[in-house]
Amino acid sequence: MKLFNNLYNMKVGIVDLSELSSEVISLDEQIVEEKIGGAAINEDLFNQYKEDVPLVIGVGPLTGSFAPASCLAVATFLSPRFGNLCHVPLMLRTGPEMKFSGIDFLVVKGSASLPKIVHIDKGTIRILSAEHLIGVDIPEGLQRLKKEIMDSRSILLTGPAADNGIPGASVSIGFNGSLDKAGLAFLMASKNLKGVIFNGTGGLPFTEDNLKHNETLERKLFEDEGRKNEGFLTMLDKIGIKENLKGVIKKAKWRDMACYHCPSPCMSSVQFTWHDPRKNSRVEDNIFLSDHLGFLALAKKSGRDVFPLSESCRRFGLDPVAVTERLPENESLLESLKAIEKMSITPEEPEIKNESHQIGEAPAEMHKLFGGGIPPILPGELWRKRVCLSMILGVCPIFLVRFQQISESDLLKFLTKNESDLSILEEKIRFILEN
Amino acid sequence: MANGKDMIAEAKRSSGAHSCVECGRCVAVCPMAEMYSNFSIEMSPRGVIKKALTGNDIITDENIWYCTECNAGTDVCPQGVSCRDLIRGLREIAIEENIVEDLKHCTRCGRQFVSIPVENFVFERLREEPPNVLDVLELCPSCKREVYMLRNT
Amino acid sequence: MQEQTNEQNNSITLEDLRPRPEEKKTFPDHFMPRLHPGILFDPKKCTGCGTCEMVCSLRNVSKIAPASASIKVLRDEDSVKNFAILCQHCRKPLCIEACPTRAIEKGEDGIVRINKLFCVACGLCTIACPEAAPLQDPITGEINKCDLCDGDPQCVKYCPSGALILTKGKSFRWIKGLRWFVQTISFLLLVVVLIGTFCSLKAGALSLSCPAGVLQNIASSGVVVLVWVLSTFLIIGLTILAGRFFCGWICPFGFFLDLVDKITPKKIGLPSFFKSRMAKYGILIGAVGGSCAFGFQVFCPICPIGSICRSHGAAGTLNGANMGIVAALAGLEVTERRVWCRYFCPVGAILALFAKIGLIKIVIGANQCKKFSCVQCAEVCPMGIIDANKLREGISPEIPMTECITCMRCIDRCPYGAAKIRFRWQKTIPGNIEL
């Protein structure tokens, strides 16, 4: 349909790491008409390049638009931890930066002999060497990258844990972590892909009445609930929080943080002080918390030390849930920190995890399908539908799961105001959701 | 050096300098006329293109460092010559061949971001400002923003 | 713009085509000055969503392209803080000075705009901007400057957390009128009506005893007259309540100096070795010590305040030495404002000591202050205690209440309500912006 032309660049980037080549081809309009976008098209592309073990990252039609929380990019791959095809959401500013950098979908196939970074800017793909970033922890790696490459607005980086082949490794969006619990970083490391950089300097002509539609939606959202249900803490409340955490939480300074165009933040930045046993002094630190389930897992294990442990996980690019499973019980902070550091160095065999590792109402299968990071705060089937919808359209799944007032047709109105088109789209989505 | 000559030839070709008909429209819109009291024909886009086309010592000429790279000349050129691309190409060659480098380095990150004559013009115009303001102007745009943010948080 | 060659200098220059605008002050400007609109940013509320960039770019280039917006959200990953940078519409914009084609103008409504007819996108304004405002579009090179959307800024409207606030700046200055009125009345009372009331202790039961005079009296005569000491408590009490209010609103010599300042607006400044604020304490000690040594009040005869007080009426004329001192001090006003009050006045010295334990203080709130782009308070302060350099760097200066004469010119002048009076115990760490 013509209406998608304004919402996509209609370009797919194909990177072959074995040959160290890249090309940008046109996105097939037929596929867009059938599958609309996001995870659905990702899956299609994945099947197209199946033999080369592809990693597909893609956006939806609403990504970057005035739809609320339109930040989503979806990474589709065969999970080394769960063994099935996974769609992991990448939030913050990944989706819009990718779209505005000129391509809508990125297929990375094959694997390189030396570590590489893929850099996308103004529709051009460059493959750069990344050997000097191996073994370097994430903040240091980010600094080096930013100094070297001027135009790097959004960086996806794996940490030393991935370099050493740890299955619990997690990719990090900037220094903010991610919802990757399916081993995306492990997959990237097996391809020798150290990171992906998007430099979104372009733009797409979304129309002004989209803005007004968004205004109406936001007003609808907040008229009953008001702005009280915001921030990391309220999300934690929804998924359960232990009493002994209250003390630690109160002492820290919380500030709400939101993804791209999100009117209701679900993440926070925390300023906390803790006693660092390695330096034997009180240290003041900051951390960006976006991973609710990870934080909860760490909190259950070692309530008081949850902040420094989270920061440690972030630093080495480790998934807190995986870390929690391997952390011994009742260890001192120093021991735990050392254990985490050791964890990021010692490789282990990737195990296929069969059981669901979170509380919640979503069925374990569904949870694994989406990377295991989205908080399951709705009953099973409803959760699946909302998350699927968000993954296809390119809006944040956590936002859709929190706010049920935003209906499917509300979101589709961003695409078209035409009644008949709307119903055609709804049909298609229903069809996709069935499969 | 042979390599240098090739690079100059390439710069001339890719900027379309050979199409110049010397109409002078670029000079009419060039802001350099307002910036430098010693503005001369050699400094103007037309002059630089002419010298580049007729001689090979354009690299050592100081006149290629006055341009602000605003691209106004390219916008009005009827032949589509990009004087900015030519100047940029020539400057790159001059730096690479280590002949001369009249670029200002950011005091914080070391990157070059503007040529010294242009920077001097700005400082001249702003000379009445106190030193701590002028210090900020020695930074490249991204450092300026970072410093600004660090001061305010 | 005309081409200038070295030979002929009789061609038209830019000065003729577009002359620099004159700073003309008409009478109404004193009470209703030009508006200084601006957008204030509250970092505590910013969630980093970037919606402001989206709507701004929609206006600039009719697309959603956050890189092309005139507002930029900086995200610091170490301290996890967000800061929005945009044009502050400075009172004395540096970009206007730096533009070679004089394309930038400050309009009647206080908004700084770029006239696209003259702009050649050379980018010198971006280099010259001390606020590091994003002016140049990184892709097209075009200069798109914030123009407050002609009075209805989009970013303010669509910020979901209300971190951006538009302020037109209050313009009516009422404190000025009140203060001149009070100063005139007090002059008339102290000088004309009740002759010599301030320092002379002979005006019957009621007298405002000059604390310096009383001290010298005690030192010289060795006798403490309780009623005179008690009557100095009036002034001292006033000082503890309201700082050196006497100096700013009541002192007749102060009034005289303010009048002299009006006719000598251009100040040539003093060399730095003269500028010790401690000198007045030295003079106080000298006066008291001298009175003790010589047995009479050494300072009172030459005191200029006393001279002014006693100058009216049959008994008083300004005799030689007094005339000389008053004239000399009036002459010193060409160097700085209120030179006597800053460096020499012993009465001021005593009041300063009590103002140190005073109840109020003047604060310049950092969040509301426009810092570099305004600096009016520093320019208008007669005691020169607001550090303009600190303001230009973006730090709110601490105001020493021992020097402040509570004239409140800063509070009157500040268009954004950043300069205010607070009780000493009130927290002045930048809080939320109050409008």
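Draft legend 1. Representation of helix α16 (residues 346-355) of chain C in the model. All names here are of chain C. Extensive coverage of α16 is indicated by the burial of eight of its 10 residues. Those residues of α16 lying buried are Pro346, Val347, Gly348, Ala349, Ile350, Leu351, Ala352 and Ala355. Considering only its buried residues, α16 is in contact with α8 (211-221), α9 (226-242), α10 (245-250), α12 (279-294), α13 (304-309) and α15 (339-344).

Draft legend 2. Geometry of the pairing of strand β9 (residues 154-157) of chain A. All names here are of chain A. Side chains of β9 alternate between two faces, with Ser154 and Leu156 and Ile155 and Leu157 buried alike. Pairing of β9 with strand β11 (residues 193-199), which is carried by four bridges, proceeds in the antiparallel orientation. Bridge pairing links Leu156 to Val196 in β11. Bridge count between β9 and strand β10 (residues 172-173): two bridges; the pairing is antiparallel. Counterpart to Leu156 in the pairing with β10 is Ile173.

Draft legend 3. Broad picture of the sheet that holds strand β14 (residues 281-289) of chain A. Residues and elements named next belong to chain A. The strand order across the open sheet formed by three strands is β12-β13-β14, and the pairing between neighbours is antiparallel. Where the open sheet ends on each side, the last strands, each with one partner, are β12 (253-257) and β14. When the angles between neighbouring strand axes are averaged without regard to direction, this sheet yields 25°. When strand β13 (residues 267-276) meets β14, the two strands line up antiparallel, connected through nine bridges. Across the sheet, residue Asp276 finds its bridge partner in β14, namely Ser281. Across the sheet, helix α11 (residues 306-316) lies against β12, β13 and β14, angled at about 60° from β14, the strand it touches most.

Draft legend 4. Representation of the packing of aromatic side chains. Under the defined criterion, the tally for this structure stands at 15 aromatic pairs over all chains. The interplanar angle of 65° and the centroid separation of 6.1 Å between the aromatic rings of Trp180(C) and Phe255(C) together place this pair among those described as edge-to-face. Here Trp180(C), found in helix α7 (residues 174-193), pairs with Phe255(C), found in helix α11 (residues 252-263); they are 75 residues apart in sequence, far enough to count as distant. Centroid distance Phe299(C) to Trp340(C): 6.3 Å. Interplanar angle 10°. Geometry classified as stacked. Here the residue Phe299(C) occupies a position in the loop between α12 and α13, and Trp340(C) occupies one in helix α15, the gap between them amounting to 41 residues. In this structure Phe299(C) comes out as buried when scored by relative accessible area, which is 12%. The class of Trp340(C) is buried, set by a relative accessible area of 6%. Among the aromatic residues, those joined into a cluster by ring pairs are Trp254(A), Phe272(A), Phe295(A) and Phe307(A).

Draft legend 5. Up close: helix α15 (residues 380-393) of chain A. For α15(A), which comprises 14 residues, the first-to-last C-alpha distance of 20 Å matches the rise-based estimate of 20 Å (1.5 Å per residue) to within 8%. Most of α15(A) sits inside the fold, with 11 of its 14 residues counted as buried.

What counts as what
- Residues numbered from 1 in each chain as written.
- Chains lettered and ligands numbered in written order.
- Predicted model: local features only at pLDDT ≥ 70, side-chain atom pairs only at ≥ 80, totals over all residues.
- Heavy atoms only, no water.
- Buried < 20%, exposed > 50% of the residue type's maximum accessible area, 1.4 Å probe, protein only.
- Helix = DSSP H or I, 4+ residues; strand = E, 2+ residues; numbered from the N terminus.
- Contact = heavy atoms within 4.5 Å.
- Pairing = 2+ DSSP bridges.
- Axes fitted to C-alpha atoms, helices over the stretch in contact; angles between N-to-C directions.
- Phe/Tyr/Trp six-rings, centres within 6.5 Å; stacked < 30°, edge-to-face > 60°.
- Expected span 1.5 Å × (residues − 1).

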